[in-house]
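# Structure assessment
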Amino acid sequence: MTAVLQLESITKSYGGVRALDSLSLEVAPGEVLGVIGPNGAGKSTLIGVIGGALTPNSGTVTFDGRDISKLSSADRARLGIGRTYQIPRPFTRMTVADNVRLAATNSGHHISQRELEPFVAGILERLGLTPFAEEVAGKLPLLRRKRLELARALALKPRVLLLDEIGAGLVRSETEELIAIIQSLRTEVESMVLIEHVMDVISQCCDRTAVLDFGKMVTIDETPKVLADPVVASLYLGSVAESADAVVVDEDKRAGIRASLTSLVSVATSVPGTPLLAVDDIWVRYGGLNALKGVSLSVNAGECIALLGANGAGKTTMARSLAGAVPLTSGTISFAGKSIAGLRPDEVTALGIAQCMEGRKIFGTLSIEENLIAGGLDARKHVKAERLEAVYSIFPILKQRRKNSGTALSGGQQQMLAIGRALMSAPTLLVFDEISLGLSPIAVDEVYEALGAIRDSGVAMIVVEQSVDRALGLADRAMVLGQGEITLEGKPAELLADARLLSSYLG
Amino acid sequence: MNSIDPVGLANTVLGGALLGGLIALSAVGLSLVLGVMKLVNLMHGQIVVLGAYAAFYLAAFWGISPLLALPIVFVLGFAFTAPVQHFILAPVAKHGEEAGLLTTFALAIILENLFIRFFSGDSRSLDTAFSRETLAIGPINLPTIYLIGFAISLTVCLAVWMLVTRTSFGRSLRASSEDPISAAIVGIHVSRVRWGTFALNGGLASMGGVLIALCFSFTPSSGSEYLLTAFAIIVLGGLGNIMGTFVGGIALGVIQSLGAYFFGDGYRTFVGLVMLIILLAIAPNGILKRRRSL
Amino acid sequence: MKNGISILLSRIATPTRVGPRDFIIVAVLAAIAFAVPYFAGTYQQEVGFRILQLGALAAAWNIAAGYTGLVSLGSAAFFGIGVYTMAIASNAGLPIALCVVLAAGVAGLFALIVSPALFRLRGLYFTVGTLALAEAMRIFVVNSPWFGGQAGIYLTARAPKAYDLYWIALLIAVFVVVCVLLLLRSRWSYRMQAVRDDEDVASQLGVRTYRTKLWAFGLSGALIAIVGSIQALNQGIVQPNGGFGMSWTIDIVSVAIIGGMGTKVGPWVGAVFIVLLGEFLIQFPEIHLAVVGVVLVLVIRFMPNGIWGTLTLALQKNRNFS
């Protein structure tokens, strides 16, 4: 039996980072293939390459025995490749029905004006969108947007359907509805590729599952086998076997770092009864999606909190709302007794909350040294120089290359730069957002060693992580976010022993 | 015109290069604004014209020589544009980039018509002691004012380059133009940077207007031509690249002068515009991808 | 009853729904407008001509800018093509009706020729590209030997009477409206809006985005050129700064934005507003455009959907709450 869809040694790089690294994959007729892997593994890039939105650097895509590598995405859609987006992208100013009509009238199948309306009505009915047909799509909440994504893709009458994280951000009952819809599609869509973090969807829908990491295929096999594979669990949770105590500690180096850190962090004096940071019932809503649904947490002076959760659980939204970069829909945040809700990000930073952002966000047009200085703009000149030297003594590599562009560093070094930049404001509270993301294990070791030293300096920290064991090895307390709410909370040891932790990742 | 006269051609090329370098001053701020504010500033040309009028009236009423007036014109341009950003452009930023673009378009209409109302539609020009002098280098005769203007433009462009690459404001500017949200989280007051950039552009463009008016006459309606010339220069020089803008100006000056030499003086601007369209079209994925580090 | 009226109004106002009722409304309005010269004077006919002219221009511009997201500041190029085609073709002895068709054809061809360069530009850069294009056209016509230079070309055709002009403008306005309505009824309507809202997703759903943009841009330009060709008849002389002048772009953009981009009715509301404002300020011609600019700034800031769009939204809210 020949494959419907075949990818041959696809490589796609973004400025030096290989999102896909000579990846080959086949999708058989009648098959539903799941694709899983940690954040940044290259899953969405894979869909982009198949759908034609992204042009790979090398490799070919074959559909139904025909090389489609050179076709535009419109022509691929007309051949019968439909896709949905992870974050739904409806045509916001068009009505729901018009969104579907558009796809129906541009597919490779001719549809007469008489057939069109019943066809569109049928699809809307099937996805439960009939009552909203004449509403402007921009007004829909997330679940209906996701359904609209699916409706539009179906209106193409696709032979192959690519679904990008259709379950992300939905509550369980909504996910179950989606699973039922996907299962019902098996009869009319030849094959499907599902990218998912919600393991329920994978286990209930997919015949085979492929696991990606760093753009490479880790394994591909029948779904139950893959999900039972310990390698897969360790990809998500990190392997507990080689935790922090295996690292050889150089005491002299530690002492040096500790000395340097004294000028880089402000240790808050703990006031009994009032936490340093108090987040009270915050809601964040954007694009029809409730990213945070009433989250409350507190961080005491000198405390290190781990904030865990799967992709799409709301971790980064949490970090961003602490930074003032995301407006709160409701709720309050107070820091050192002062309300910070509604402040601009730079005002929040000036008050003493520094962020190490997800994706590092190093400025490529600035040199390494300038990146660091940008983190401590408010300080006086000699203070700045002193802090700069302190950062350099912690991360000597940054000093060696201080004149180079910030993005000329490797991923791990860029992460060090991001940490250094956050330290330059001598913060009272440090927020680390997904700092192990996309780093090699060795680089993660190095970064976490630095984090350990920073924690020991007595500054308060929030470590937002997907990689559970690392964060738990560091934290005094941990909480798990799931779909915008805190689902678990406790001491690291308790959490590790709790079976619900794994299920919050793997479903 | 049938046979090419080598001296005439050399004169044209050199004169064009000097003139282009001179005009580059009016363009250098435009690319900063484009980078930091993601705004195509359609009132840019009118700010250039405003600078020319400021120098004209400073000379007419107080007898201040246009070259000596440059610092005053800078301050005036800066002071005029700062509130425009703060009170008019910043509030519409939330409606999307189209709203900002069309607002600057409306402001351009307003300014142009106010110029006509208050300064009359007459064609004006600026005079200095050197205006009619030329400098002979061998067989080549170059207007002295071109040389002076070139030197001034080069000096100011270097100063802007130093500002952008060596100072704290410059760092904030580059960081804000690369990723405004991350810049804000790192602690940069991005809206202040935008404000400063827009006003800086106002000052620079006004000074550029003085230099242009020393070489050509101008009218209240010259703005759109200045805007498009400035745009062609920054596209040629690479967006966000300060010294590239200066070199781009020289290149455009040479191209325009050659166009004028071969097709007639009326085609000077036309050649530049055609080149702008071609450049916009051949730069892959539009010109934004051409951003280089400074 | 009140509810019924607001539903009816909001249905008319829904930008892209086009039903037989729309055509009936247009027919009724056109019939009323047709009768105007029988009971109004020359002055009223001239004002009417101006409203019809600007409304038709803005409605044509709206096809590209409002529905397809191609915000062009190069309308003067198409207008000028219409003006000059009429002058040259009618002086060559072609019948006027054929000259109008020819104007549309030349404009469409022009759109086809410049599209490979222009459509590589997205968003703001497209806008700047079109602005440069219009300026380039103007300067080219001034300097090239074929178009009479700055002095321009006199039309040999007899200048039509005010009421003739009015009726021609009415005919063309109705034509533009019918074109827009038919377009909005067709499948191009979804394609255009999809390209406007998210070009990448549109492509992923099978829309050939280049072709869609070319249709919208070409049709918009051809309709603008038709209106331009009538302007040549009106003036009796064509000149580069009149035909290719920025003032046409300014008029078109202000009318469309003040009325409401991406709405069927907006351009006509805007045209009435701008023309009446012009008549009101007739004593102060020098500040007229500056006032238009100020109105534009205020509308963009406080009524980003224009007069008609804001009205529509208010009615829809009203309906939702009742």
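Residues numbered from 1 in each chain as written. Chains lettered and ligands numbered in written order. Predicted model: local features only at pLDDT ≥ 70, side-chain atom pairs only at ≥ 80, totals over all residues. Heavy atoms only, no water.

### Considerations on the overall build of chain C
Within chain C one finds 15 helices and two strands. A compact globule built from 322 residues would reach a C-alpha radius of gyration of about 20 Å, and chain C, at 19 Å, matches this within 12%. Projecting the C-alpha coordinates of chain C onto the three principal axes gives extents of approximately 65 × 55 × 40 Å. Looking at chain C as a whole, 59% of its 322 residues qualify as buried. Look at the contacts in chain C between residues 6 or more apart in sequence, and 80% of them connect residues 24 or more apart. Entry remark: accessible area of chain C is about 12,900 Å², with carbon and sulfur atoms responsible for 70%. Here chain C holds 21 positive side-chain charges and 11 negative ones, and the gap between their average locations is 11 Å. (Helix = DSSP H or I, 4+ residues; strand = E, 2+ residues; numbered from the N terminus. Rg over C-alpha atoms; globule rule 2.2 N^0.38 Å. Buried < 20%, exposed > 50% of the residue type's maximum accessible area, 1.4 Å probe, protein only. Contact = heavy atoms within 4.5 Å. Areas by Shrake-Rupley, 256 points an atom, 1.4 Å probe, with all protein chains shown as cover. Lys, Arg positive; Asp, Glu negative; His and termini not counted. Charge placed at Lys NZ, Arg CZ, Asp CG, Glu CD.)

### Let's talk about helix H4 (residues 75-91) of chain C
All names here are of chain C. Under the 1.5 Å per step criterion, the end-to-end length of H4 is 24 Å for 17 residues, consistent within 8% with the ideal 24 Å. Most of H4 sits inside the fold, with 15 of its 17 residues counted as buried. Downstream of H4 by a residue or two, Gly93 has a phi angle that is positive, lying close to 95°. (Expected span 1.5 Å × (residues − 1).)

### Here's the deal with the packing of helix H3 (residues 96-106) of chain A against helix H4 (residues 113-126) of chain A
Residue and element names in this part refer to chain A. Packing of H3 against H4 brings their axes to within 10 Å, and their N-to-C directions diverge by 120°. With respect to their mutual orientation, H3 and H4 come out oblique. Remark: the crossing between H3 and H4 carries right-handed chirality. Contact with H3, carried on its side by Val96, Ala97, Val100, Arg101, Ala104 and Thr105, involves Leu116, Glu117, Phe119, Val120, Ile123 and Leu124 of H4 and no other residues of that element. (Axes fitted to C-alpha atoms, helices over the stretch in contact; angles between N-to-C directions. Parallel < 35°, antiparallel > 145°, perpendicular 65-115°, else oblique. Left-handed = near helix turned anticlockwise from the far one by under 90°.)

### Remarks on the interface of chain B and chain C
Accessible area lost when the parts come together is the quantity often used to give the size of an interface. Chain B puts 43 residues into the contact, and the matching count from chain C is 36 residues. Carbon and sulfur atoms make up 80% of the area that chain B and chain C hide from each other, which totals about 3,500 Å². In terms of surface lost to chain C, no three residues of chain B exceed Leu102, Phe105 and Ile277 of chain B, which account for 16% of the buried area on that side. Connecting chain B to chain C are zero salt bridges. Linking chain B with chain C are four residue pairs in polar contact (both at pLDDT 80 or more). Listed by contribution, the elements that provide at least two residues to the side of chain B that touches chain C are helix H3 (66-92), helix H4 (97-119), helix H9 (223-237) and helix H11 (268-282) of chain B. Element by element, the count of residues in the side of chain B that touches chain C is highest for H4 of chain B, at 14 residues. (Buried area = accessible area lost by both parts, 1.4 Å probe. Salt bridge = Lys/Arg side-chain N within 4 Å of Asp/Glu carboxyl O. Polar contact = N/O pair within 3.5 Å; in protein donor to acceptor, adjacent residues only side chain to side chain.)

### Here's the deal with the side chain of Thr11 of chain A
All names here are of chain A. Here Thr11 is to be found in strand S1 (residues 5-14). Overall, Thr11 belongs to the buried group, its relative accessible area being 7%. From its side chain, Thr11 meets the backbone nitrogen of Ser22 in a polar contact 3.0 Å long. Apart from the residues within four sequence positions on either side, Thr11 is in contact with Arg18, Leu20, Asp21, Ser22, Pro56, Asn57 and Ser58.

### With respect to the sheet that holds strand S5 (residues 66-67) of chain A
All names here are of chain A. Pairing is antiparallel across the open sheet formed by four strands, whose spatial order is S2-S1-S4-S5. Edge strands, defined here as strands with exactly one partner in the open sheet, are strand S2 (17-27) and S5. Note: strand S4 (residues 58-63) against S5, two bridges, orientation antiparallel. Counted as the bridge partner of Phe63 is Arg66 from S5. (Pairing = 2+ DSSP bridges.)

Purely spatial values, then, with no claim about function.
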